[in-house]
Amino acid sequence: MNVKKHIPNTITCCNLLSGCVAAVFAYERAYLVALACIITGAVFDFFDGLSARALKVSSPIGKELDSLADVITFGLAPAMMVYSWLCECAGAHLDVSVASAMPFVAFLLVAFSALRLAKFNVDERQTSSFIGLPTPANALFWGALVIGSHDAVVGNPYGWILVIALVMLFSWLLIAEIPMFSLKFKNLSWKSNRIAYIFLLVSLILLIVLRLKGLSAVIGWYIILSVLTQKRA
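What you are looking at is a predicted structure, and each value in this text was computed from that prediction instead of being measured.

What counts as what
Residues numbered from 1 in each chain as written. Predicted model: local features only at pLDDT ≥ 70, side-chain atom pairs only at ≥ 80, totals over all residues. Heavy atoms only, no water. Helix = DSSP H or I, 4+ residues; strand = E, 2+ residues; numbered from the N terminus. Rg over C-alpha atoms; globule rule 2.2 N^0.38 Å. Buried < 20%, exposed > 50% of the residue type's maximum accessible area, 1.4 Å probe, protein only. Contact = heavy atoms within 4.5 Å. Areas by Shrake-Rupley, 256 points an atom, 1.4 Å probe, with all protein chains shown as cover. Core = buried A, V, L, I, M, F, W, Y, C linked by side-chain atoms within 4.5 Å. Salt bridge = Lys/Arg side-chain N within 4 Å of Asp/Glu carboxyl O. Patch = residues over 30% accessible without salt bridge, like charges linked within 9 Å, V, L, I, M, F, W, Y side chains within 5 Å. Phe/Tyr/Trp six-rings, centres within 6.5 Å; stacked < 30°, edge-to-face > 60°.

## Overview of the overall build of the protein chain
A count of helices and strands for the protein chain gives ten helices and two strands. The helix and strand sequence of the protein chain, counted from the amino end, reads α-α-α-α-α-β-α-α-α-β-α-α. For the protein chain, the C-alpha radius of gyration of 18 Å lies close to 17 Å, the compact-globule estimate for 233 residues. A principal-axis box enclosing the C-alpha atoms of the protein chain has dimensions of 55 × 45 × 30 Å. Burial status across the protein chain gives 44% buried among its 233 residues. Partitioning the contacts of the protein chain with sequence separation of at least 6, the portion at a separation of at least 24 is 75%. For the protein chain, the accessible area works out to roughly 12,300 Å², and carbon and sulfur atoms hold 71% of it.

In structure tokens, the structure reads:
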């Protein structure tokens, strides 16, 4: 039995399990633990592809499994955080009949994450960069936003409107034909990686100043910088 060929898929399954656990904690409104599980899943997501390339055991099954895991960890888990958050907002400020239905808007993030991942699997243009917002970036944005802006949004009678508007915006960004740069370094030269270095420097400042809230700001900065520097894919 060749154990080596099963290592990447095992790591991918760890990503999937992290997403499942994150979704449970998100439903129970343990948002910080949910975000920690999403970040853990992102770490597994990074290493499954790395291990597959290092061990030279890439396979079509691994690619499909990776997308399925990503739908859970970077689609369902953050959507559950937003759902629970909207339930809190709705329960505090809206009529019961509206409050029971409105939070389900959050699950648009799952549908558009699945569409984004399906496009990525068949789009040959996305070998060295991305077209549309990557699902891990979307998940980190929402996880940090729910935690960092929780009280302010729940305490505002119109906070739920902002959340729904952002759900619509980010659902579109996931499948938008907007080139977004990758942080894959082929070398360390400034000329080849100028955009990535600028992004990392500003991101470090944002994280130092804003701490956990800075994660959402970093993703916002990533989107803005991608739009400002986009090239035709």
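## Describing the nonpolar core
Generally speaking, a soluble globular protein has its nonpolar side chains buried in company with each other. Ranked by internal contacts, the top residues of the largest apolar core, which has 53 residues, are V82, W85, L133, W142 and F170. Looking at this core, the elements with two or more residues in it are α1 (7-27), α2 (31-55), α3 (60-93), α5 (108-122), α6 (135-148), α7 (150-154), α8 (159-175) and α10 (214-229). Ignoring anything within four residues of it in the chain, the contact list for L133 reads R116, N138, F170, L173, L174, M180, I219, Y222 and I223.

## Details of the pattern of salt bridges
One pass over the full model with this rule turns up one salt bridge. Between K119 and E177 there is a salt bridge, with its nearest N and O atoms 3.2 Å apart. Placement of the pair is K119 in helix α5 and E177 in the loop between α8 and β2 (179-180), with a sequence separation of 58 residues. A residue is classified by how much of its surface remains accessible, and K119, at 26% relative accessible area, is partly exposed. By relative accessible area, E177 is classed as partly exposed at 48%.

## Considering the environment of G75
Residue position: G75 is located in helix α3. Residues G75 and A52 lie 23 residues apart in sequence; the distance between their C-alpha atoms is 23 Å. Aside from chain neighbours lying at most four places away, what touches G75 is D70, V110 and S113.

## Description of a nonpolar patch on the surface
A surface patch of nonpolar side chains, about 590 Å² in accessible area, is lined by L201, L204, I205, I208, V209 and L210. Following the sequence through the fold, L201 ends up in helix α9 (residues 194-210). Owing to a relative accessible area of 52%, L201 belongs among the exposed residues under this scheme.

## A word on the packing of aromatic side chains
Applying the stated rule across the entire model yields eleven aromatic pairs. Taking the centre distance of 5.3 Å and the plane angle of 85° together, the rings of F141 and W142 count as edge-to-face. Judged by centre distance (4.8 Å) and plane angle (65°), the rings of F181 and Y222 are edge-to-face. Within this pair, whereas F181 is found in the loop between β2 and α9, its partner Y222 is found in helix α10, the two being separated by 41 residues in sequence. Overall, the relative accessible area of 7% leaves Y222 in the buried class.

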